[in-house]
Amino acid sequence: EASVLKSKFRGCLLGALIGDCTGAPFEGDTITHGDKLVIQRYYDKLEDPTFTAPYKSYTDDTAMMKSVAKFLTDKPEPDYRFLARLFVTEFFKEPKRGYGQNIVEVFHKLRNSKFEDVYKPAKEQFMGAGSYGNGGAMRIAPVALYFHDNYKTMLEVATNATKLTHTNILGVNGALLQSVAIQLAVKCDPEAKIDPERFCAELYRRMRKIERVEEDLDDIEEEDDGTRKAYQNKLRVVENLLQKKHDDDLDEEVILNLGNGISAYESVPTAIYCFLKALNEIPSIQTENVFRRTVQYAVSLGGDTDTIACMAGAIAGAYLGEDGINTALAKQCEYYRDVLEIADNLYVAKEGPGN
Ligand code: F2R
Ligand code: MG
Ligand code: MG
Ligand code: MG
């Protein structure tokens, strides 16, 4: 139904924003048991409509997501040079949004080269290896929403949009995994319960196909199996961890085996795990709300908290829709109204006016 889909567009982008804004103060932290109680109180306060505080600022995750949405709404066909310009304009307007250390070089090169070959600067990163940072995945939600009913195009556009900054196969496939997770969540009925294991198995099936394509193209050597099957392997770990009983030691295991870092392969599967785990109660987290549980759990793992919470929040929001998100919590975030407008514009661009 139309209104459900519209609510999912809003929920997804709002979910990403809330994860980014509320996770950002903890980025880079190691979280102890005591810190988890602090985080519980932090979200209790943020959900309290009478609580007033300066808003939580968004970071590069949202700044770049904004550009991806505009790229889709402002032109009838994907124009990657336009997207590169949007990224660069946004960066130079507000460079202090906590961008990755190395991506900044890409922005300078793009500008200095007058966007002549928009894929060249990214290819040169890390001595030609390309970035495997999670910057491609963290901003991809609008692509997954816009092409939710066109899987092949979704993968193609997500790939090209990612390669403007991240050409390493792990960076690209991380963005594809995040897109696939959002697209699957969009298709789930918000009134029906998701079976975490089935959802994970479906992601596994799709990543096997996606990673197999690379295998054919690149003739990668056998010993490079870790890279070649990186996301399939991680999804197996997700599946395994979902079956274990929750305690603080399990969080340690999650951090050790899935990761909480700024590389895509140490954060995208982790975000998916956070979402799937939070579909059920988590003893250390006091809330009835699945969306909050997802984001709070992601932040409680520490590390790249803004980005893991952003990605997990986008998936949860795409499943639950706007109604699944506490309005008081949303209102604590900078840019909250603008993000709803962006979601609506994306929805109209997709479904046509009058929807
Ligand atoms: N940059 C940050 N946070 C840093 C500050 C942390 C915090 N304040 C603290 O207290 O520690 N956050 C933002 O960056 C991440 C997204 O980064 P993106 O866009 O992928 O950028 P980049 O520079 O391309 O990659 C990030 C880092 O990954 C490592 N890396 C990537 N590819 C590599 C390769 N081929 N070889 C070696 N290393 C590689 C590098 O360290 C890059 O700098 C998000 O968390 C966002 O919130
Ligand atoms: Mg950030
Ligand atoms: Mg960085
Ligand atoms: Mg981050």
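Remember, it's a predicted structure, so these values are computed and weren't measured experimentally. (Residues numbered from 1 in each chain as written. Chains lettered and ligands numbered in written order. Predicted model: local features only at pLDDT ≥ 70, side-chain atom pairs only at ≥ 80, totals over all residues.)

Undergrad: How do you make sense of the site of ligand 1 when you look at a structure like this?
TA: In the vicinity of ligand 1 there are 24 residues, among which G28, G100, N102, G133 and G135 approach most closely. Of the residues in the shell around ligand 1, the class split is six nonpolar, 13 polar and five charged. (Near = placed C-beta within 6 Å. Nonpolar A, V, L, I, M, F, W, Y, C, P; charged D, E, K, R; others polar.)

Undergrad: Hey, could you run me through the environment of E116 in this one?
TA: Within the fold, E116 resides in the loop between α5 (103-112) and α6 (120-123). Along the chain, E116 and R81 lie 35 residues apart, while their C-alpha atoms are 8.7 Å from each other. (Helix = DSSP H or I, 4+ residues; strand = E, 2+ residues; numbered from the N terminus.)

Undergrad: Teacher, can you tell me more about the nonpolar core here?
TA: Looking at soluble globular proteins, one finds that nonpolar side chains tend to be buried together. Counting residues in each nonpolar core, the largest one holds 108 residues, and the members touching the most others are V143, I182, A312 and I315. Looking at which element gives the most residues to this core, the answer is helix α10 (residues 169-187), with 12 residues. Those residues in contact with I182 that sit more than four places away from it in its chain are C12, A141, A144, L145, A314, I315 and A318. (Core = buried A, V, L, I, M, F, W, Y, C linked by C-beta atoms within 7 Å. Buried ≥ 20, exposed ≤ 12 C-beta atoms within 10 Å, placed from the backbone. Contact = placed C-beta atoms within 7 Å.)

Undergrad: Could you clarify how one ought to interpret the packing of helix α3 (residues 60-73) against helix α19 (residues 336-351) in this entry?
TA: Helices that pack against each other are described as a pair by the angle of their axes relative to one another and the distance between those axes. Axis separation between α3 and α19 bottoms out at 9 Å; the angle between their running directions is 30 degrees. The pairing of α3 with α19 is recorded here as roughly parallel in orientation. In terms of crossing hand, the pair formed by α3 and α19 is left-handed. Note on element contacts: α19 touches α3 through I342, N345, L346 and A349, opposite K66, A69, L72 and T73. Its residues assigned to classes, the contact of α3 with α19 comprises five nonpolar, two polar and one charged. (Axes fitted to C-alpha atoms, helices over the stretch in contact; angles between N-to-C directions. Parallel < 35°, antiparallel > 145°, perpendicular 65-115°, else oblique. Left-handed = near helix turned anticlockwise from the far one by under 90°.)

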